[in-house]
Structures are given as structure tokens and as C-alpha cells.
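# Fold and geometry: a report
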Amino acid sequence: MAYYAPATTIHGDAPVNILSDDVRQLYSDTCAIKSQQLILQDFGLNITEDQLRHEAMMNGWYNGGTSPADVGKLLELHGIGVSQYDNANIFNLVNELSLGHKVIVGVDSGELWEDNVMDKFFEDSQADHALIVSGVDTSDPNNIKVILTDPGTGDLLKEYSMEQFVDAWQDSNCFMMTTNDPVPEIFDPFNNLPGFQMPINNLPMIGQMPYDIFYNDLAFLNCTNDIPSCVFNDFTDFVGGEISMFSPESAGFFDDFSNWDNIDISLC
């Protein structure tokens, strides 16, 4: 037994505290749909919010909002098993995050946002919004933070105090939906490199590079491959926003690996 091993202080993802248009919902009442879309992306399923909204309409899971009983049904439709809980508590929440599961909760947005834009998640209670709990930071036991990814505001991995979060969560009777399985750890070669302080498998953008391009076309790269300099140069320029597509030389390299299926190959 390792008596002096350091304890885990961040369960789930670490805070980033940035705004992202890729996180923000397209409609005023699709918070639960957008939250499920973001989780599907984490599992490698790139489905548009509009497509999911249509599927929810066709199945009776969306009508001016999503009822708590229907949160997670889009995930199940696409093969992701889920569980739902009422009267959950912070210990249940931390446990799910520690297992690598993804978590959606219902909250009163007015207790999180200064300007409350009603989102009609719960129709008959004060809770009106669904969002993703991405992590809990216990590094300071006297100032525990909950890390939220919020489709209503576009906040990616934003920190809130535990007290503020719990106040907002309680208005949904502490509703919680979790995935039954963790996100596949397909990016271990990247996450183990020096300098990566948080998992990168659920960021919507890698700098200026769309996540789906990284996910679909670059995940096979790792530090053991013999990577030509043109690929590194293009990657750096793409992430920095200097180019919007890869060079023919890089495209030829990807073709050799038979991994280039989802991106327009044109001159930089």
C-alpha cells in the first residue's frame, strides 16, 4: 500500500474558462440536446445539433424543451448507455466523474447567470436549464470548484463555487444523467506528452483547428511515427489560424496512412 501517494484533486476535466461557439446551443430551448451532442462528440460521434433536434422531435423527446425523463435518450439512440438519478449528491457526482463518465445535470440558470435567459429544460419547476458537469476541483478543500460546460452561455470548462452550483442544482431535485461507460481513451499518446495538463479528447477546438479534423484525421499520429516536417509545419499553422487546410504534401502523407477521409485537400 502506498501510504504517501498524492490524492487526486481534480475529478474529470480541469478548468479552462473560455467561451466557445462550438459549445453554445443554436436554439433557446435545446440545452439538453446540445449537451448530448457534445457528449456524442466525446465518444467519436459527430452529429449536428439540427439532426439531433430533428430526431428528438420525431421521437417526442423535444417540444419547446426537453423533459428530465427524456434526457439521455438521444445518447441511447446512438448506442451510448445512460443512467438517471434524482436526489443525487456531490459524492455521487464526483464518483461518476472519477469513473470517466459524462454527466448532465438540471439547474436553475438564474442562479448561475447574471442575465437569466429562460431555457425551458424543466417545464414545471424552477430548474430551466441542462448543462454538462465536466469536473470537480478539490485542490483547495476550503474552496471547492465545480467545472461546467454550458451550452447556454458557450462557456467551456468554467469554474463555479460549490455553493453556487449546489444552489442551482437543487432546484432540479438534483437531477443527474450519466453515461454508463467512460469516453474511450484514444488520445493517450498525446495526453502523456509533457506539457499536456488536461485531457484533450473533449475540446471542440485545438487552437484554431476544428476538433473533428483532429479527431478523425490526426488521432493516429503519435511520438513513435516518423512524421515529415511538412505535417508539423501545417499543424502549427492550422492551430495558429494561419491556414485553413493542409498542403498537398501533408495530404499525401495522410493518404499513405489511409486516414484521410473527412477533409478538403487543397493548397494552403
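## With respect to the overall build of the protein
Helix and strand counts for the protein come out as nine helices and ten strands. Here the protein holds 268 residues, and the buried ones make up 47% of them. Considering only contacts within the protein whose residues lie at least 6 apart along the sequence, 63% involve residues at least 24 apart.

## Things to note about unusual backbone geometry
One non-glycine residue, Leu 157, adopts positive backbone phi at about 55 degrees. Assignment of secondary structure puts Leu 157 in strand E7 (residues 155-161). Phi at Cys 174 is positive, roughly 50 degrees, even though this residue is not glycine. Within the fold, Cys 174 resides in the loop between helix H5 (162-170) and strand E8 (176-179).

## Considering the pattern of salt bridges
According to the stated counting rule, one finds five salt bridges in the structure shown. A salt bridge links Lys 102 to Asp 42, with the shortest nitrogen-to-oxygen separation between them at 3.4 Å. Within this pair, whereas Lys 102 is found in the loop between helix H4 (90-98) and strand E4 (103-107), its partner Asp 42 is found in helix H1 (residues 31-42), the two being separated by 60 residues in sequence. We classify Lys 102 as buried; its relative accessible area is 13%. A salt bridge links Asp 155 to Lys 158, with the nearest nitrogen and oxygen atoms 3.9 Å apart. On the accessibility criterion, Asp 155 (9% relative accessible area) is buried.

About the thresholds
Residues numbered from 1 in each chain as written. Predicted model: local features only at pLDDT ≥ 70, side-chain atom pairs only at ≥ 80, totals over all residues. Heavy atoms only, no water. Helix = DSSP H or I, 4+ residues; strand = E, 2+ residues; numbered from the N terminus. Buried < 20%, exposed > 50% of the residue type's maximum accessible area, 1.4 Å probe, protein only. Contact = heavy atoms within 4.5 Å. Salt bridge = Lys/Arg side-chain N within 4 Å of Asp/Glu carboxyl O.

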